[in-house]
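# Structural features, examined
Each chain is listed here by its residues.
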Amino acid sequence: MDQNRNPAPVARHEDEATAAETALLTPRLQASWQRSRRYGLTPEDLQPDFTGTVDTECLLYECGHEVLQGLKDTLANEPVGMMLTSSDGLVLSRSCSDSSVSRSLDRVNLAPGFSFSESNAGTNGMGLALADRAPSLVRAEEHYCTSLRQYTCAAAPVLDPLTGELAGSINLTTWSDSSSKLLLALAQAAAGNTAALMLARTTGRKPRPAPRGEVFQVFVHRAQPGSESLLLSSRWTDAVAEARTALAEGRLLAVVGESGTGKSTLAALARRQVRSRERILCARPPLAADITPWMGIWAPELAKTDTCVITTGVHTLPAWAAEDLAELLSGGPRGNTADQHPDLHPAIITAENYARIPQALRSLVGAVVEAPTLRSRPDDILPLADHFARGFRGRPLTFSPAAARALSDYHWPENSRQLQRTVRDAASRTDVVDLRHLPAEVFVGTPHRLSRIQAMERDEIVRCLTEPATTVAQAADALGMSRATIYRKIAQYDITIPRPYPMSRLSPRGRPCRTGPRNWRGAG
């Protein structure tokens, strides 16, 4: 729903007074009240869910709690309660130096362990900020539940600095008759400081750029994984076949799976197998402020009988945008009567998992297919690596057996996208990819959180160990540390370097010949 357009008529509530109050709300708040009613909530009954457990070990809690403690010192003796919530509205921590505010918040259960998502507590600051993924100010009578109308709440979402995913929110609550002019600005600043602190305490990787929003056409050469020229495992081909069957039956397909698994590629492949000459567009959501013009670009394409639109990452859409998208997709299948599949749905959606698909869209989904992770199909790693190298360089690339083994043994937490990035980076520097051309992350086990200094140290150790014909003793000398220290660091960072072998070209399926011991840990 466009937040700038005229308010839509509000459904009549049993209580006419409440309906009159709703009519005075902004369009965004009206939409939130409507959703609250659909959740089955009543203004007089505030009963937030209680879990009893709060994850105090997560990075969000560590950084958010620290930021709020600093803000509490700044706002000493001010009647402001400061809350940190998870992405699903669970209150993780609360700080307040005013005892009367604290007692009042306890009476409405606005405390750690309780959920104040929009579906649990109706329209409120943190619930709206999470639902719309945007800073939100909810004053007094704008709250859906009457017991919250004694407060004014300002909340801002916290985004994970590496993935861009919604991590949680910062909420500031004060009395309804207090000034709220600076409250939202303080909440936004605290949310930004929390994200910055999270970035500083991660492994030193660069933050993910903010989503720009894209609409592009998927051509045949973009959908090659899984085609006849690239033989992949049954885990992938079975998923494509399952998606093809659902599409042929005219159902709205949702492809779910981890980031980077190739959900849109799977969807495009399946669609091509059903209708080979169809035009396929892929639409990736931008930031919330740019969603209305983004939807305006591709929404008219849904009416065309020769076009399919794959809308990716619908779990990242604000609630109002998900409702608008659901309205667009509710028309059902359409197609060309001259085609062997005349009743195909004009769209496909993707999300990380089915539970995160907004409710408005979830009710329209007719079939769900999971895109398998790369670690669940290790036989596909080398064929895909060879495919990505050919696509980037326009010809085959040579991988040393040791490099091929390192690629095969790695668990690829970011899936095919990470493999493609790794191969493209190596291919841009050499015609023969060896261990030293691969990033340090490929040689470590299950990652744990490292400081930036630790990440730099780990990368330097891997760089020295992957130099041709380098022993542990030589690597230790180059790093200015003893052999005992480097062995301890190798164990600390769980570094495993495959034993080097003579160079060879990959087989047609990308498989090197394997002989001798699999790996070495810098044996010198």
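Overview of the structure. Since the model is a prediction, treat every value here as computed from it, not as a measurement. (Residues numbered from 1 in each chain as written. Predicted model: local features only at pLDDT ≥ 70, side-chain atom pairs only at ≥ 80, totals over all residues. Heavy atoms only, no water.)

## Things to note about the packing of helix 17 (residues 472-479) against helix 18 (residues 483-492)
Helix 18 packs onto helix 17 with a crossing angle of 100° between their chain directions and a minimal axis gap of 9 Å. By the angle between their directions, the pair helix 17 and helix 18 is classed as roughly perpendicular. On helix 18, the residues touching Val 472, Ala 473, Ala 475, Ala 476 and Leu 479 of helix 17 are Arg 483, Ile 486 and Tyr 487. (Axes fitted to C-alpha atoms, helices over the stretch in contact; angles between N-to-C directions. Helix = DSSP H or I, 4+ residues; strand = E, 2+ residues; numbered from the N terminus. Parallel < 35°, antiparallel > 145°, perpendicular 65-115°, else oblique. Contact = heavy atoms within 4.5 Å.)

## So, the packing of aromatic side chains
Counted under the stated rule, the structure contains five aromatic pairs. Summarising the aromatic geometry, the rings of Tyr 151 and Trp 175 are spaced 5.9 Å apart at their centres and angled 20° between planes, so their arrangement reads as stacked. Pair noted here: Tyr 151 is in strand 4 (residues 151-159) and Trp 175 is in strand 5 (residues 166-175), with a separation of 24 residues, a long-range link. Residue classification places Tyr 151 among the buried residues on the basis of a relative accessible area of 1%. Each ring, one from Trp 294 and one from Trp 298, has its centre 5.4 Å from the other, and the planes form 70°; the classification is edge-to-face. Remark: Trp 298 and Trp 294 occur in helix 10 (residues 291-298); sequence separation between them is four residues, near one turn of the helix. The burial state of Trp 294 is the same as that of Trp 298; both residues are buried. The lysine or arginine in question, Arg 362, covers the ring of Tyr 354, its NZ or CZ lying 5.7 Å from the ring centre. (Phe/Tyr/Trp six-rings, centres within 6.5 Å; stacked < 30°, edge-to-face > 60°. Buried < 20%, exposed > 50% of the residue type's maximum accessible area, 1.4 Å probe, protein only. Lys NZ or Arg CZ within 6 Å of the ring centre and 35° of its normal.)

## What to know about helix 11 (residues 319-329)
Burial analysis of helix 11 places nine of its eleven residues in the buried class, the great majority of the element. By the burial criterion, the buried members of helix 11 are Ala 319, Trp 320, Ala 321, Ala 322, Glu 323, Asp 324, Leu 325, Ala 326 and Leu 329.

## Some words on the pattern of salt bridges
The tally for this structure, following the rule as stated, stands at 27 salt bridges. Note that Glu 62 and Arg 201 form a salt bridge whose closest N and O atoms lie 2.9 Å from each other. Of this pair, Glu 62 sits in helix 3 (residues 59-74) while Arg 201 sits in the loop between helix 7 (183-200) and strand 6 (212-218); the two residues are 139 residues apart in sequence, bridging distant segments of the chain. On the basis of relative accessibility, which here comes to 30%, the residue Glu 62 falls in the partly exposed class. Taking the shortest distance from any N to any O, the salt bridge between Arg 284 and Glu 214 comes out at 3.1 Å. You can see Arg 284 sitting in strand 8 (residues 279-286) and its partner Glu 214 sitting in strand 6, a full 70 residues away along the chain. Given the relative accessible area of 35%, Arg 284 is considered partly exposed. Here Glu 214 falls in the partly exposed class, since its relative accessible area comes to 27%. Put simply, Arg 28, Arg 35, Glu 118 and Asp 132 are held in one network by salt bridges that share partners. (Salt bridge = Lys/Arg side-chain N within 4 Å of Asp/Glu carboxyl O.)

## Structural notes on the packing of helix 2 (residues 27-38) against helix 6 (residues 125-132)
Remark: helix 2 packs on helix 6, axes separated minimally by 11 Å, with the N-to-C direction vectors making an angle of 100°. Taken together, the axis directions place helix 2 and helix 6 in an arrangement best described as roughly perpendicular. For the pair formed by helix 2 and helix 6, the contact residues are Arg 28, Leu 29, Ser 32 and Arg 35 on the first element and Leu 128, Ala 131 and Asp 132 on the second. Within the contact of helix 2 with helix 6, the residues separate by chemical class into three nonpolar, one polar and three charged. (Nonpolar A, V, L, I, M, F, W, Y, C, P; charged D, E, K, R; others polar.)

## Some words on the sheet that holds strand 5
The five strands lie next to each other as 2-1-5-4-3, forming an open sheet whose pairing is antiparallel. Sheet topology places strand 2 (91-95) and strand 3 (136-138) at the edges, where each strand pairs with a single neighbour. Direction aside, neighbouring strands of the sheet carry axes that sit 20° apart on average. With nine bridges joining them, strand 4 and strand 5 adopt antiparallel strand pairing. Bridging across to strand 5, Tyr 151 finds its partner in Trp 175. Helix 4 (residues 99-107) contacts strand 1 (80-86), strand 2, strand 4 and strand 5 of the sheet and is inclined by roughly 120° relative to strand 5. (Pairing = 2+ DSSP bridges.)

So yeah, pure geometry; function would need other evidence.
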